[in-house]
Amino acid sequence: MSTLEIKDLHVSIETEQGEKEILKGVTLTINTGETHAIMGPNGSGKSTLASTIAGHPRYTVTSGSITLDGEDVLEMSVDERAKAGLFLAMQYPVEVPGVTMTNFLRTAKTAIDGEAPKLRTWTKDVKEAMGKLKIDADFAGRNVNEGFSGGEKKRVEILQLELFKPKFAVLDETDSGLDVDALKVVSEGVNRAQAENDMGTLLITHYTRILRYIKPEFVHVFVDGRVAEQGGPELADRLEEEGYDRYLNVKA
């Protein structure tokens with residue numbers, strides 16, 4: 001079992017008005033095999049947490065820690081975090097002109113594992129994973145995310161997840177912009193990755209609809225850069241009925 005541990009994390013960004021604190025003391029522990037859902041209103045710090053785990057340079061950790069099996073994640077470069085087993089499915093996947101999907105996937109897999117996958121096996125794995133995610137085979141020769149729809153970009157994120165086999169996946173609003181059919185396909189991909197690799201999942205979302213397909217054991221409510229409440233799946237059901245008003249009213 002591996003453990004991703006976040007302790008009293010404080011994170012700031014630079015704005016035109018000066019430094020602004022976004023995360024104000026976040027503590028979470030995630031083990032492989034577990035699914036944690038982070039829910040909360042816009043601007044509560046959910047995506048900041050995801051970006052900080054991944055190592056986005058815009059975010060400055062002012063205090064606190066992130067460790068993976070006792071190793072200091074904050075001392076790792078972005079590529080070192082990926083090699084250690086951390087994966088971020090981005091809220092807004094970027095286009096990479098001039099780099100084909102085929103080249104990108106194999107190059108990334110080689111960098112993560114430290115050796116190139118055997119071509120015959122790799123080609124078979126990619127083809128099977130694309131088929132399960134209902135990604136047209138022609139996409140393998142297209143440039144990464146270039147001209148892809150929002151739903152296609154999200155499927156490609158999960159394609160990477162299945163092929164790279166991380167210890168922990170941070171899914172930053174992977175459900176946004178997906179219709180019901182695409183949501184089911186994407187969720188099935190996440191569930192497969194977790195079942196096959198005993199992956200830990202940190203699922204960031206506004207809405208409970210994805211939780212019908214990806215079942216969390218733990219739910220954390222983010223408000224104003226802090227964990228306002230924690231519980232089991234029943235907490236998500238309550239949020240579906242009541243929304244976030246009671247947390248925001250307390251804040252006010």
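If you look the chain up in an unreviewed UniProt entry, it shows as Fe-S cluster assembly ATPase SufC from Glutamicibacter halophytocola.

Peer 1: When you look at the pattern of salt bridges in this model, what are you seeing that I'm missing?
Peer 2: Between side chains of opposite charge, pairing is possible as soon as their charged atoms come close. Scanning the model with the defined rule gives 13 salt bridges in all. Residue R238 is joined to E229 by a salt bridge in which the shortest nitrogen-to-oxygen separation is 2.7 Å. By relative accessible area, which is 30% here, R238 ends up partly exposed. Salt bridges sharing common partners tie together E229, R238, E242 and R246.

Peer 1: How do you make sense of helix α4 (residues 119-132) when you look at a structure like this?
Peer 2: An α-helix turns once per 3.6 residues; consequently, residues spaced three or four apart project the same way. If you check α4, its first and last C-alpha atoms are 20 Å apart, about what 14 residues at 1.5 Å a residue would give, namely 20 Å. Elements that come into contact with the buried residues of α4 comprise α3 (101-113) and α5 (150-164). Looking at the residues trailing α4, positive phi occurs at K134, about 55°.

Peer 1: Quick question: what am I supposed to make of the sheet that holds strand β10 (residues 200-205) here?
Peer 2: One open sheet accounts for 6 strands, arranged β6-β9-β10-β3-β11-β12; its pairing is mixed. A single partner strand is all that each edge strand has here, and the edge strands are β6 (86-89) and β12 (226-231). Each adjacent strand pair in this sheet contributes to an overall mean axis angle of 20°, direction not counted. With 5 bridges joining them, strand β9 (residues 168-172) and β10 adopt parallel strand pairing. Across the sheet, D172 pairs through a bridge with I204, a residue of β10.

Peer 1: Got a minute to help me understand the environment of G40 in this structure?
Peer 2: Within the secondary structure, G40 is located in the loop between β3 (35-39) and α1 (46-54). G40 sits 185 residues away from G225 along the chain, and the two C-alpha atoms are 9.9 Å apart. Apart from residues no more than four positions distant in its own chain, G40 is found in contact with K46, T205, H206, F222 and Y244.

Peer 1: Any chance you could explain the nonpolar core here in plain terms?
Peer 2: Nonpolar side chains tend to gather and get buried jointly when the protein is soluble and globular. Ranked by size, the top nonpolar core spans 45 residues in total, and within it L105, L159, L161 and L163 carry the most contacts. Not counting chain neighbours up to four residues away, the residues in contact with L161 comprise F87, P166, A169, L171, V190, A193 and M199. Counting 24 residues, the second-largest nonpolar core is a separate cluster that includes I13, I22, L23 and I53.

Peer 1: Quick question: what am I supposed to make of the sheet that holds strand β1 (residues 3-15) here?
Peer 2: One key point about sheets: their strands pair by backbone hydrogen bonds, in either a parallel or an antiparallel sense. The strand order across the open sheet formed by 4 strands is β2-β1-β4-β5, and the pairing between neighbours is antiparallel. With partners counted over all chains shown, the strands left at the sheet margins are β2 (18-31) and β5 (71-72), one partner each. When β1 meets β2, the two strands line up antiparallel, connected through 11 bridges. In the sheet register, I6 faces β2, and the bridge partner there is L28. Seen against the sheet, α1 touches β1, β2 and β4 (60-68) and runs at an angle of roughly 105° to β1.

Peer 1: Help me understand helix α6 (residues 180-197) in this model?
Peer 2: Relative to the 26 Å expected for 18 residues at 1.5 Å per residue, α6 spans 26 Å between its end C-alpha atoms, a close match to the ideal helical length. Buried within α6 we find A182, L183, V185, V186, S187, G189, V190, R192, A193 and Q194. Residues of α6 that are buried in the fold lie against β3, α4, α5, β9 and β10. Between the side-chain oxygen at the start of α6 and the backbone nitrogen of D181 there is a gap of 3.3 Å, and the oxygen is on D179. Remark: D198 follows α6 within two positions and exhibits a positive phi of approximately 55°.

Peer 1: Looking at this model, I keep getting lost on the pairing of β4. Mind explaining?
Peer 2: Looking along a regular strand, one sees side chains alternate from face to face of the sheet. As paired strands, β1 and β4 are joined by 7 bridges and run antiparallel to one another. Among the inter-strand pairings, K7 is bridged to a residue of β4, identified as S65. As judged from the 2 bridges shared by β4 and β5, these two strands associate in the antiparallel manner. From the neighbouring strand, T67 faces β5, where its bridge partner is D72. Connecting the antiparallel pair β4 and β5 is a turn made up of 2 residues, with D69 showing a positive phi of about 50°.

Peer 1: Is there a simple way to explain the packing of α3 against α5 in this structure?
Peer 2: Helix packing geometry: the angle between the two helix axes and the distance between the axes. At a closest axis distance of 11 Å, the pairing of α3 and α5 adopts a crossing angle of 35°. Judged by the sense of rotation from one axis to the other, the crossing of α3 with α5 is right-handed. On α5, the residues that touch M101, F104, L105, A108, K109 and I112 of α3 are V156, L159, Q160, L163 and F164. Residue classes in the contact of α3 with α5 are distributed as 9 nonpolar, 1 polar and 1 charged.

Thresholds, definitions, all that
- Residues numbered from 1 in each chain as written.
- Predicted model: local features only at pLDDT ≥ 70, side-chain atom pairs only at ≥ 80, totals over all residues.
- Heavy atoms only, no water.
- Salt bridge = Lys/Arg side-chain N within 4 Å of Asp/Glu carboxyl O.
- Buried < 20%, exposed > 50% of the residue type's maximum accessible area, 1.4 Å probe, protein only.
- Helix = DSSP H or I, 4+ residues; strand = E, 2+ residues; numbered from the N terminus.
- Expected span 1.5 Å × (residues − 1).
- Contact = heavy atoms within 4.5 Å.
- Pairing = 2+ DSSP bridges.
- Axes fitted to C-alpha atoms, helices over the stretch in contact; angles between N-to-C directions.
- Core = buried A, V, L, I, M, F, W, Y, C linked by side-chain atoms within 4.5 Å.
- Polar contact = N/O pair within 3.5 Å; in protein donor to acceptor, adjacent residues only side chain to side chain.
- Left-handed = near helix turned anticlockwise from the far one by under 90°.
- Nonpolar A, V, L, I, M, F, W, Y, C, P; charged D, E, K, R; others polar.

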